[in-house]
Amino acid sequence: MRPTAAVRGEAPTGKAWSVWWGGKEGAIRQKGIIQYSISPVRQRAAKNLFRNYLFNGYRRLSSQVPYWIVPVLIGYSTYAWAKKHDAYLNSKEGHIAHSGEH
């Protein structure tokens, strides 16, 4: 039993042959199919990466500020209140006010 083309790593790519899953014997080359590609040497994936992030990243992050600043302020104010209240409860005045003795 012969393995299929996909198992052998020859999946159909839609190039210029009229036969999909079989071999290329007997297949005729299609007309009017043109493929263009760029050399991997010419592609620059990180071109202007940091410069673009400074402007685009700032714009994207600043548009999200209204969504995260409110929970941050609520959380920090709760933390500051709890820290102040804990310091009061552990002080002499807090002991006297809540338990009557120090």
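Residues numbered from 1 in each chain as written. Predicted model: local features only at pLDDT ≥ 70, side-chain atom pairs only at ≥ 80, totals over all residues. Heavy atoms only, no water.

Caption draft 1: Local environment of the UniProt feature "transmembrane region" (unreviewed entry) in the protein. The sites that carry the UniProt feature "transmembrane region" (unreviewed entry) are, in the present numbering, residues 65–82. Across residues 65–82, helical content stands at 100% and strand content at 0%; the span's end C-alpha atoms are separated by 25 Å. (UniProt positions renumbered as here; feature names shortened; annotations may be inferred. Helix = DSSP H or I, 4+ residues; strand = E, 2+ residues; numbered from the N terminus.)

Caption draft 2: Representation of the packing of aromatic side chains within the structure. Enumeration according to the criterion identifies 1 aromatic pair in this entry. On the numbers, 6.3 Å between centres and 40 degrees between planes, the contact of Tyr-76 with Tyr-79 is tilted. Of this pair, Tyr-76 and Tyr-79 both sit in helix H1 (residues 49–89), 3 residues apart, roughly one helical turn. Take Tyr-76: its relative accessible area is 56%, and that puts it in the exposed class. (Phe/Tyr/Trp six-rings, centres within 6.5 Å; stacked < 30°, edge-to-face > 60°. Buried < 20%, exposed > 50% of the residue type's maximum accessible area, 1.4 Å probe, protein only.)

Caption draft 3: Geometry of unusual backbone geometry. In the Ramachandran plot, Asn-48 falls in the positive-phi region, its phi being about 55 degrees despite a non-glycine side chain. Here Asn-48 is to be found in the segment before H1. By relative accessible area, which is 35% here, Asn-48 ends up partly exposed.

Caption draft 4: Examining a nonpolar patch on the surface more closely. Taken together, the side chains of Val-65, Trp-68 and Val-72 present a nonpolar region at the surface, about 250 Å² in accessible area. The topology assignment puts Trp-68 in helix H1. Residue classification places Trp-68 among the partly exposed positions, given a relative accessible area of 43%. (Patch = residues over 30% accessible without salt bridge, like charges linked within 9 Å, V, L, I, M, F, W, Y side chains within 5 Å. Areas by Shrake-Rupley, 256 points an atom, 1.4 Å probe, with all protein chains shown as cover. Salt bridge = Lys/Arg side-chain N within 4 Å of Asp/Glu carboxyl O.)

Caption draft 5: Representation of H1. Over its 41 residues, H1 runs only 53 Å from end to end, short of the ideal 60 Å by more than 12%, given 1.5 Å per residue. The largest bend in H1 is about 50 degrees, located at Val-65, with the proline Pro-66 one to four residues further on. (Expected span 1.5 Å × (residues − 1). Bend = angle between axes of the 7 residues up to and from the residue.)

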